[in-house]
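Residue strings, one per chain:
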Amino acid sequence: MFVFERLSRYLITAGGLGTIVAVSLVLVFLVWVVVPLFLPAKSEERPPVAAAGSWAKAAPEAIGSDDHLLVGWAYHADGTVDSFRLDTGEALASRRVFDGPAPTAFSLSARDQEGLFGFADGTLRFAKVGVTGRSVSPDGLPEPIRQLAVGEHATHDGGVVAHAAEGQFRMTALDVKAEEPVAVDPPSRILLVDFSHHGDEARFAAVTEDGRLVLETAREQPNMLTGEITRTYSGGEIRLPQLKTGPPPRYVKISGVGDSTYLIWADGRTVRVDTRDPTAPQVAEVLDVVPEGGGTVTAVAFLIGRTTMVVGDSSGNVRGWFCIKPEDAGTRDGANFTMAHELEPGKGAVTAVATSQRSRLLAAAYADGSARLFQMTTENTVAELGTDAGTPLQCLAMAPKDDGIIGTNGKRVFVWRVNAPHADITLASLFLPVWYEGYTKPETSWQSSSGTDAFEAKLGLWPLVFGTIKATFYSMLFGAPLALLAALFTSEFLSGKTKSRVKPVIETMASLPSVVLGFLAAIVIAHYVEDIVPEILSSFVTLPFALLLGANLWQALPGQGRRGALRAWRIVFLFVMSILGVWLGFEVGPWVQDWLFAGDIKLWLDGQRGTGTGAWMFLLVPMSALIVGVAMALFVNPAVRRISRDWDAGKMARVELGKFVAGFVAVIVLAYLLSSTLNWFGWDPRGTFVSTYVQRNALIVGFVMGFAIIPIIYTISEDALSGVPEHLRAASLASGATQWQTAIRIIIPTALSGIFSALMIGFGRAVGETMIVLMAAGNTPVTKWNVFEGFRTLSANIAVEMPEAVQQSTHYRTLYLAALVLFALTFLVNTVAEAVRLRVRKRAYEL
């Protein structure tokens, strides 16, 4: 026997330690995956190389590189494009983009490797400008190149050949190809140009010497056989007073979808032209992008998607601007061009800006020779980039894969290798409001993916944390009181025979799979409840009213009947009153809808009709009940006790029944008066506490998930109540206390630690629930307490998005961070709960 005891003790100890180790390893793994999100970016500068080729004549106007940072290209003002090796500076090839006169204006897109060029004769031409890579057969390569080891590369035929893999070679070389010209009518020298692609359209804008802003839309039709693109053109123009007087603008920029075109002068004056209809452009607004005054605009570029404009000025400021659509915009297109982001200023004027082709990263160079890498969404300085030369960088470009930055001061080329895979993640961006593109103000939001590369990922965890809290709150609000009261009734008021039947039935509820409950909630319950919302709301009042009325009617029965044969029918009577309460709610529901919700609760919730009195009414009924209850306890009950000394039990029960009815009427009247008063002051809770009705909402989840947590809370609470020593009950009853008084004043305080444990376990069940909230909550990451609206929880979000997340990506690691937050949340709550439970248990032992 002793051996078995020791063996049991060892096994139990090993099991406990194993549990601790397992949980600890889960925590360690979560931390291990999440930590890289917060590691600083790494940058490594290559030795600068001397520029060659046409650079001896003039510094380039724009530069770029291939995907692997092997070959760079540089565009010069005379229309020449040079390619060169980025590791040695060796000149590879030099070509003119166009024959004849040099362009008078240009705009290059590194993402599309395409440019738009304007000429003195008023023509516009598209051209392909950049370097491209292609696979080459080793048979056509010289023997020294074929002998290169995998990963090595060498110059060949005006490009660089790299041995990519065993037997596979890749050639990277300059690629320049011009298209046919497009004439501007009437002809005039082109001063500025810009263009953007949107679907199968290319929209471009040009500023002419005679003071016109010319807009064209080129619809692209690719040849399926040859791959060549044919363009058909249409457009319009606008003459602006700002173009006729004073110097011409320094920049013209057109947005990604072509709905706005910006003319920017050196002093910061900006004219935004509404070009939604390019055949009839109109001025939308005039503003200043250098709000301090006295400064000049020195660099302008668009982030990917061409929605956020980056503006650098002579004071070293780099700011992000985009259009928002507030209710009071006051412009013809309902939009305002707004400064949303301001990055850490430099010590000198901004000399160049380069933006990423795949993210919200951007690089800025300053007059003191320094450069910085930023993340626009978070306004985070990702890396400091310096040069060993005092002259500032005149051109910057980011590598296509965001793994490098190249820059030049006209004499040398600088290359930085950059590793910043999670630059868009900071603690502030995860939990505090962030100003995203198109939003009217900073907000917390979760939207991890979209259908375009230009999408700005929104990885704010607060909506998910809020959704988890909201789901837990509503499910506990519904389930915990029912479970605790059921446990108390089963333990203290049911006979042993009935208890042996009731308890197993309730515990059997725990065997229902969550997916089944979620399916029923989403497909059946949500659809049914949508048509009877006023009846459901009325039932929240009529059901408690019916139960309390039944209790008072039971007390008013003749004493002999109540103590005799009818005592066994209390549950049946309770069930009948419950049915009566629900029936009454459905009967008064339409009347309540006409009285409080202007005849249609959905239109009322949307604010299309009615006033806020109905919302205040339901919100204030619990508070009104509390006020009336306290008033009765302080004033009515003492008076009744003074005059009821000679009353018999029957008369006292009838008076209590009258008090209850009068109190209920007082609650409704008081709630209505308070609601009308608040509404009279203009306070309408619609849009905050209640708003639009969504079919899958917190009301459905609260009911179904509350149903799911009832069994566990009920079982543990009932066991705790039943475990109270019998001598405490006997002593209380022998002292003349009723069963109810004994339960409230003796049994519950003694079992409070067990009841608290039951609530915490139920809380943990609600926090971690996945399938019910996944199927019935609508999965919308909103931060509103509105019971008629959905939400998204941490657990449901992980379940939905983890299968689609790219391994080791920012999205992937952020989902693990969500799991870590969920782990920390439950750990914190359970730790505090255990401390409270131990304190309560200690006090219970003192009874």
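(A) How the structure looks around the overall build of the protein chain. Broken down by element type, the protein chain carries 20 helices and 34 strands. Since a compact globule built from 847 residues should have a radius of gyration of about 29 Å, the 37 Å found for the protein chain marks it as more spread out than a globular shape. Considered along the principal axes of its C-alpha atoms, the protein chain spans approximately 115 × 80 × 55 Å. Every one of the 847 residues in the protein chain was classed for burial, and the buried ones make up 47%. Considering only residue pairs separated by 6 or more positions, the protein chain has 60% of its internal contacts joining residues 24 or more positions apart. A total of about 40,500 Å² of accessible surface is found on the protein chain, and carbon and sulfur atoms cover 61% of it.

(B) Inspection of the sheet that holds strand β19 (residues 260-264) at higher detail. Taking strand neighbours across the sheet as the criterion, the four strands line up as β18-β19-β20-β21 in an open arrangement whose pairing is antiparallel. In the strand order of this sheet, the two ends are held by β18 (251-254) and β21 (282-288), each with one partner. Neighbour-to-neighbour, the strand axes of the sheet open up by a mean angle of 20°, direction not taken into account. Pairing of β18 with β19 involves four bridges; the strand directions are antiparallel. Within β19, the position partnered with Ile 254 by the bridge is Thr 261.

(C) Local environment of helix α7 (residues 514-530). The sharpest bend along α7 comes to roughly 40°, located at Ala 521. Of the residues making up α7, those classed as buried are Ser 514, Leu 517, Gly 518, Ala 521, Ala 522, Ala 526 and Val 529. In this fold, the buried residues of α7 make contact with α8 (533-556), α14 (698-722), α17 (752-768) and α18 (771-776).

(D) Here's a closer look at the environment of Glu 801. As for its placement among the helices and strands, Glu 801 is situated in helix α19 (residues 794-801). When the C-alpha positions of Glu 801 and Leu 124 are compared, they lie 46 Å apart, and in sequence the two are 677 residues distant. Apart from residues no more than four positions distant in its own chain, Glu 801 is found in contact with Trp 446, Ser 448, Arg 792, His 811 and Leu 815.

(E) Fine view of the nonpolar core. Ranked by internal contacts, the top residues of the largest apolar core, which has 87 residues, are Leu 461, Ile 713, Val 773, Phe 788 and Leu 817. Once residues lying within four places of it in the same chain are set aside, the contact partners of Phe 788 are Val 533, Leu 537, Leu 605, Val 690, Ser 691, Thr 692, Tyr 693, Val 694, Asn 697 and Leu 699. Listed in part, the 19 residues of the second largest apolar core include Ala 354, Ala 365, Met 398 and Phe 414.

(F) Representation of the side chain of Ser 109 in the model. Within the secondary structure layout, Ser 109 lies in strand β7 (residues 105-109). Leaving out residues up to four positions away in the same chain, Ser 109 has contacts with Glu 114 and Phe 195.

(G) Summary view of α14. Between the first and last C-alpha of α14 there are 34 Å, a value that for 25 residues agrees with the 36 Å anticipated at 1.5 Å per step. Most of α14 is tucked away, with 19 of its 25 residues classed as buried. The backbone nitrogen of Leu 699 has a side-chain oxygen 3.0 Å away, supplied by the residue at the start of α14, namely Asn 697.

(H) Region of interest: the sheet that holds strand β27 (residues 361-366). With antiparallel pairing, the four strands of this open sheet are ordered in space as β26-β27-β28-β29. Looking along the sheet, the strands with just one partner apiece sit at the ends: β26 (350-355) and β29 (380-385). Each strand axis lies, on average, 20° off the axis of its neighbour in the sheet, ignoring direction. Relative to β29, strand β28 (residues 371-375) runs antiparallel, the two being bridged by five bridges. When the bridges of β29 are listed, Ala 371 appears paired with Leu 385.

(I) Summary view of the packing of α7 against α14. Contact geometry for α7 and α14: axes closest at 10 Å, N-to-C directions at 140°. In this view, α7 runs oblique relative to α14, as classed from their interaxial angle. Both α7 and α14 take part in a crossing whose hand is right-handed. Contacts between α7 and α14 involve Leu 517, Ala 521, Ile 525, Ala 526 and Val 529 on the former and, on the latter, Leu 699, Ile 700, Phe 703, Val 704, Phe 707 and Ala 708. By residue class, the composition of the contact of α7 with α14 is 11 nonpolar, no polar and no charged.

(J) Representation of a nonpolar patch on the surface. Together, Trp 591, Trp 595, Val 661, Val 665, Val 669, Tyr 672 and Leu 673 give the surface a local cluster of nonpolar side chains, amounting to about 660 Å² of exposed area. Those elements giving two or more residues to the nonpolar patch turn out to be α10 (570-596) and α13 (649-680). The greatest single-element share of the nonpolar patch, amounting to five residues, is contributed by α13. Mapped onto the elements of the fold, Leu 673 is located in helix α13. Given the relative accessible area of 52%, Leu 673 is considered exposed.

(K) A look at the packing of helix α6 (residues 496-508) against α14. Running from N to C, α6 and α14 point in directions that differ by 145°, and their axes come no closer than 9 Å. Along its contact with α6, which presents Lys 499, Val 502, Lys 503, Ile 506 and Glu 507, the element α14 presents Pro 711, Tyr 714, Thr 715, Glu 718, Asp 719 and Ser 722. Classifying every residue of the contact of α6 with α14 gives four nonpolar, two polar and five charged.

(L) Expanded view of the pairing of strand β24 (residues 318-324). Judged by how many residues are buried, β24 sits mostly within the fold: six of seven residues are covered. Judged from the four bridges that link them, strand β23 (residues 309-313) and β24 form a sheet pairing that is antiparallel. The partner of Met 309 across the bridge, within β24, is Trp 321. From the end of β23 to the start of β24, which pair antiparallel, there are four residues, and Gly 316 there has a positive phi angle of about 90°. In terms of strand pairing, β24 meets strand β25 (residues 336-342) through six bridges, oriented antiparallel. Note on β25: the bridge partner recorded for Gly 320 is His 341.

(M) Structural view of the side chain of Ser 83. Looking at where Ser 83 falls in the secondary structure, it is placed in strand β5 (residues 80-85). In contact with Ser 83, not counting residues within four places along its chain, are Val 71, Gly 72, Trp 73, Glu 90, Ala 91, Leu 92, Ala 93, Gly 158 and Leu 174.

(N) Broad picture of unusual backbone geometry. At the junction of Asp 185 and Pro 186, the peptide bond is cis and its omega measures out at 0° in the coordinates. Take Pro 186: it is sitting in the loop between β13 (182-183) and β14 (190-198). For Arg 306, which is not a glycine, the phi torsion comes out positive at approximately 55°. Its place among the elements puts Arg 306 in the loop between β22 (297-302) and β23.

(O) How the structure looks around the environment of Glu 152. Looking at the element boundaries, Glu 152 is found in the loop between α2 (143-146) and β10 (153-156). Spatially, the C-alpha atom of Glu 152 lies 5.8 Å from that of His 163, the residues being 11 residues apart in sequence.

(P) The arrangement of the pattern of salt bridges in detail. One pass over the structure, following the stated rule, counts 29 salt bridges. The partner of Asp 87 in a salt bridge is Arg 85, with the nearest N and O atoms 2.7 Å apart. Between Glu 384 and Arg 372 there is a salt bridge, with the nearest N and O atoms lying 3.2 Å from each other. Within this pair, whereas Glu 384 is found in strand β29, its partner Arg 372 is found in strand β28, the two being separated by 12 residues in sequence. Using a relative accessible area of 49% as the deciding quantity, one classes Glu 384 as partly exposed.

Reading the values: the criteria
Residues numbered from 1 in each chain as written. Predicted model: local features only at pLDDT ≥ 70, side-chain atom pairs only at ≥ 80, totals over all residues. Heavy atoms only, no water. Helix = DSSP H or I, 4+ residues; strand = E, 2+ residues; numbered from the N terminus. Rg over C-alpha atoms; globule rule 2.2 N^0.38 Å. Buried < 20%, exposed > 50% of the residue type's maximum accessible area, 1.4 Å probe, protein only. Contact = heavy atoms within 4.5 Å. Areas by Shrake-Rupley, 256 points an atom, 1.4 Å probe, with all protein chains shown as cover. Pairing = 2+ DSSP bridges. Axes fitted to C-alpha atoms, helices over the stretch in contact; angles between N-to-C directions. Bend = angle between axes of the 7 residues up to and from the residue. Core = buried A, V, L, I, M, F, W, Y, C linked by side-chain atoms within 4.5 Å. Expected span 1.5 Å × (residues − 1). Polar contact = N/O pair within 3.5 Å; in protein donor to acceptor, adjacent residues only side chain to side chain. Parallel < 35°, antiparallel > 145°, perpendicular 65-115°, else oblique. Left-handed = near helix turned anticlockwise from the far one by under 90°. Nonpolar A, V, L, I, M, F, W, Y, C, P; charged D, E, K, R; others polar. Patch = residues over 30% accessible without salt bridge, like charges linked within 9 Å, V, L, I, M, F, W, Y side chains within 5 Å. Salt bridge = Lys/Arg side-chain N within 4 Å of Asp/Glu carboxyl O.

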